[in-house]
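This is what each chain is made of:
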2 protein chains.
Amino acid sequence: MNDQATMPNWIHGTLMHAPRLETVEVVENALIEVGGDGEIRSVMAPASPDYDARLRQAAASGAFVNLSNDQYLLPGFVDLHIHAPQWPQMGKALDLPLHEWLLEYTFPLEASYRDVAFAERAYRTLVEALLANGTTTAVYFATVHLEASLLLAQICLEKGQRGLVGKVVMDDPEQCPDYYRDASTDDALRDTERFVEAVRALPGNTAATVRPVVTPRFIPSCTDAALEGLGAIAHDNDCHIQTHVSESDWEHGFVIERTGRTDTDALDRFGLLTRHSVLAHSNFITDTDMGTIARAGAGIAHCPLSNIYFANAAFPLRAALDKGLHVGLGTDISGGASPSVLDTCRHAIASSRALEDGTDPAAPADTRGRPGSRVGFNTAFWLATAGGGEALDLKVGKFEPGYRFDAIMIEANRPDSNLVTWADTDTGDDVLQKIVNNAVRQDIRKVWVEGRLVVDKDAS
Amino acid sequence: MNDQATMPNWIHGTLMHAPRLETVEVVENALIEVGGDGEIRSVMAPASPDYDARLRQAAASGAFVNLSNDQYLLPGFVDLHIHAPQWPQMGKALDLPLHEWLLEYTFPLEASYRDVAFAERAYRTLVEALLANGTTTAVYFATVHLEASLLLAQICLEKGQRGLVGKVVMDDPEQCPDYYRDASTDDALRDTERFVEAVRALPGNTAATVRPVVTPRFIPSCTDAALEGLGAIAHDNDCHIQTHVSESDWEHGFVIERTGRTDTDALDRFGLLTRHSVLAHSNFITDTDMGTIARAGAGIAHCPLSNIYFANAAFPLRAALDKGLHVGLGTDISGGASPSVLDTCRHAIASSRALEDGTDPAAPADTRGRPGSRVGFNTAFWLATAGGGEALDLKVGKFEPGYRFDAIMIEANRPDSNLVTWADTDTGDDVLQKIVNNAVRQDIRKVWVEGRLVVDKDAS
């Protein structure tokens, strides 16, 4: 690798991205120039006037990556919702009702992160796994523990992942188990402030690739005082915010009963609904809520995988997009059983179809579903990349000058892979659709974040 | 490898199977003896009286496979519904309505199998891919072409896959394109009879690992005369039968309009509903249809992946199982976008949840879905293995004496894999659930069919 600080990098080959909703672009023989600071300087197609000269310059530079015909450059994936401590139980215990899942598995597991050695082992393997799955930007719930949460931020920085990390606040003794909650509201707020400062002060975090997130778990687990205090901290420190919103019938109803308002409305009054808020799930948000969220410019983390298990309904994705809301995807590990944003794309498509057509064959076709709800692979891909970047107000997710170079290289037609293309009949769009439908972790061979190569599976 | 004809094989390690619906068994240090004819002779747990002596005998035999702690032996997967010729377009064109998908992509592609060289290339890579995904038994629709369909059967035999293969019949000029249909009803029937004879006579097919299947595409594409004739051929030759049943609103309604009966009822009258029939989809079958299917003992190929795109509703899986119907899974390549029966398990779980809870958050919770519809990972795994075997009336899908040894070895915790277990907290059932949720083709390392090792990815 070249000296990143001084020399630009060049990448040449087929790029695929979705610069705008519903619009995918496949550019063969594209030439991308990345500055030493990780910013994309230029993206040229062969028709560009300077192309030939630039390509010669690139090839001679010694910092030139030339992709083969089976290799494709895509923006790295943005995962807007991950419960980092739940990584060890990903893929199990999913047949349980939410209450048992939380009390018998999830809370005891999260509580074990008071042990920093345990946290180190889990978080290190998680960040490595997500990068290997192509997740270049990850938005994490950690646990209530200050030390372990800070460790997760450090590991993101060390491994080179763009990480938005939150120390979780859950301070209401009536709703949280004794063995796993903030000691008091004051402790919750003080630890959150310390966490914000400490993440920003991490040695090497000069480009803010790792950021703190103010993180009330959700309204039911927090006191009003904590929610108010967190709103003030987010405002004073200009922080991202994340929480769960209107996820299930129970959660949606609980908040209305307690506060007399929907989640969205209550968060807004607590100062927790901003351009930098990420609202996980949001399945039951009302039309009024959508308007409130649109005005705030907040983002939604659509989590179709875990919605299958815990949400009681599909997120009205198409309606949210039509209203101009910022939406991206979340794996929701471990309520979701996969760490792959590609899997999440597939389930987002399936979820939208199930909402459009409905599911009960005994119901008449004209009342079974909600017409016009479907999204296609292009929208799913946009959500996974540019949509996620837009939701976070970060310049990631597409190949344009001024954007950060967060990217993955996918190789088709490798031995023992289901990503098979037919050169004589597949167009570039077909290949992209096959990637969305069939690529897995093992097909992702290189990963760059902030211009830096952080995964190279074929390095000797 | 030892001489299969004379020497039994022994496999020692952790086995996982679902011998009965809702019942998964995980047996550590199991010892399985496989006869030279591919039949399981014995399955012993350490508590068995002869275990120690047999294990010594096995270890000394020179035909002993000893699995490591991260390796798991599972029954091979049974895929009840695959359109083999659609393999080159798997994962693309799925945003189209069914009519365009058929006329612009699928029928032109299938028509190209008149070229046997094209068929050879496609079918060879397909059978290799399915075996590499752990599919030991595959039920295939081929095309209308006798020669190419026979080639598919030959390739299954050559590669060692248990294959049930059908030359497709679609003879109605009003419903099928000129460039892709049987030349006449008589041709369709004569070619089907020739196909049945030729498959059974294939050199080396002595154990009938490859079998012919009488295959009307579906009622809409066949004349009554063809359907009657195919019923007679199936009866006279004691053949398996496959077709599509009540897949979508359109298809279900079309058959009722043409015949005055449901698909199920019409097939029954044509002699096409038997213990050896495989009915793809069956989403809209009525309670009466379920009773008819149960009495016939026919099997259903549940295809949750393609149902997302083309079915307009979820298959009422739980209801079918509660009525004692034989049900297994189908990938439905390429209406389904994945060749993996594990992916199909995941979508079967998701589909059942979407039916149970419903999908529209605007509907009241108590009218949104169909309560009691969910299935868990154990049922999905049963469908993928023993359920599929039972649907076909073949002795495959579980580890019991008298069953054929069709098996796969899955290895967890490999480099660059999402199948991660935690030895200190995961039970055997947890590991199986993680396999169902997260294993992919690359985690499957060995595949046996009829006792023969047909895939060994770690062979030097």
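Because the structure is a prediction, the values reported are computed rather than measured.

Draft legend 1. Geometry of the packing of helix 12 (residues 341–357) of chain A against helix 14 (residues 377–392) of chain A. Residue and element names in this part refer to chain A. It is at 9 Å that the axes of helix 12 and helix 14 come closest, and there the two elements cross at 135°. Considering the angle they form, helix 12 stands oblique to helix 14. Note that helix 12 runs across helix 14; the crossing there is right-handed. Along its contact with helix 12, which presents Val341, Cys345 and Ile349, the element helix 14 presents Phe377, Ala380, Phe381 and Ala384.

Draft legend 2. How the structure looks around the domain arrangement of chain A. All names here are of chain A. Its domain assignment divides chain A into domain 1 (9–75 + 398–456) and domain 2 (77–392). For domain 1 and domain 2, the distance between their C-alpha centres works out to 29 Å. Where domain 1 touches domain 2, the interface holds three salt bridges. Ionic pairing is found between Glu22 and Arg318, a salt bridge with its closest N-O pair at 3.0 Å.

Draft legend 3. Main features of the interface of chain A and chain B. Opposite the 63 residues of chain A that make contact, chain B presents 63 residues. Counting the surface lost from both chain A and chain B, the interface buries some 5400 Å², and carbon and sulfur atoms represent 45% of this. Joining chain A to chain B, the criterion identifies 14 salt bridges. Here Lys92 of chain A ties to Asp430 of chain B by a salt bridge, and the two come within 3.2 Å at their closest N and O atoms. At the surface where chain A touches chain B, the tally comes to 45 residue pairs in polar contact (both at pLDDT 80 or more). Contributing elements (two or more residues each) for the side of chain A that touches chain B: helix 3 (116–132), helix 10 (304–310), helix 12, helix 13 (365–368) and helix 15 (428–438) of chain A. For the side of chain A that touches chain B, the element with the highest residue contribution is helix 12 of chain A, accounting for seven residues. Looking at the side of chain A that touches chain B residue by residue, the class counts come to 26 nonpolar, 18 polar and 19 charged.

Draft legend 4. Structural view of the environment of Leu150 of chain A. Residue and element names in this part refer to chain A. Looking at the element boundaries, Leu150 is found in helix 4 (residues 146–159). Between the C-alpha atoms of Leu150 and Ala58, which are 92 residues apart in sequence, the distance is 40 Å. Setting aside residues no more than four positions away along its own chain, Leu150 makes contact with Phe195, Ala198, Val199 and Leu202.

Draft legend 5. Layout of the nonpolar core. Residues and elements named next belong to chain A. Counting residues in each nonpolar core, the largest one holds 117 residues, and the members touching the most others are Leu74, Tyr123, Tyr140, Leu152, Val327 and Ile435. In terms of residues, this core owes the most to one element, helix 3, which gives nine residues. With sequence-adjacent residues up to four places away left out, Ile435 is seen in contact with Met16, Tyr72, Leu74, Leu342, Arg346, Ile410 and Leu419.

Draft legend 6. Quick peek at the relation of the copies chain A and chain B. For the pair chain A and chain B, the relating rotation is 180°, the translation along its axis is 0.0 Å, and the fit reaches an RMSD of 0.0 Å. Considering both components of the superposition, the chain copies are consistent with a two-fold axis. Here 100% of the interface residues in chain A have copies in chain B that are interface residues too; the copies meet face to matching face.

Draft legend 7. Region of the structure containing the packing of helix 12 (residues 341–357) of chain B against helix 15 (residues 428–438) of chain B. Residue and element names in this part refer to chain B. Packing of helix 12 against helix 15 brings their axes to within 7 Å, and their N-to-C directions diverge by 95°. On the basis of the axis angle, helix 12 is roughly perpendicular to helix 15. Together, Leu342, Cys345, Arg346 and Ile349 of helix 12 and Ile435, Val436, Asn437 and Asn438 of helix 15 make up the contact between the two elements. The residue makeup of the contact of helix 12 with helix 15, split by class, is five nonpolar, two polar and one charged.

Thresholds, definitions, all that
- Residues numbered from 1 in each chain as written.
- Chains lettered and ligands numbered in written order.
- Predicted model: local features only at pLDDT ≥ 70, side-chain atom pairs only at ≥ 80, totals over all residues.
- Heavy atoms only, no water.
- Axes fitted to C-alpha atoms, helices over the stretch in contact; angles between N-to-C directions.
- Helix = DSSP H or I, 4+ residues; strand = E, 2+ residues; numbered from the N terminus.
- Parallel < 35°, antiparallel > 145°, perpendicular 65-115°, else oblique.
- Left-handed = near helix turned anticlockwise from the far one by under 90°.
- Contact = heavy atoms within 4.5 Å.
- Domains from an automatic or database assignment.
- Salt bridge = Lys/Arg side-chain N within 4 Å of Asp/Glu carboxyl O.
- Buried area = accessible area lost by both parts, 1.4 Å probe.
- Polar contact = N/O pair within 3.5 Å; in protein donor to acceptor, adjacent residues only side chain to side chain.
- Nonpolar A, V, L, I, M, F, W, Y, C, P; charged D, E, K, R; others polar.
- Core = buried A, V, L, I, M, F, W, Y, C linked by side-chain atoms within 4.5 Å.
- Buried < 20%, exposed > 50% of the residue type's maximum accessible area, 1.4 Å probe, protein only.
- Least-squares fit on C-alpha atoms with pLDDT ≥ 70 in both.

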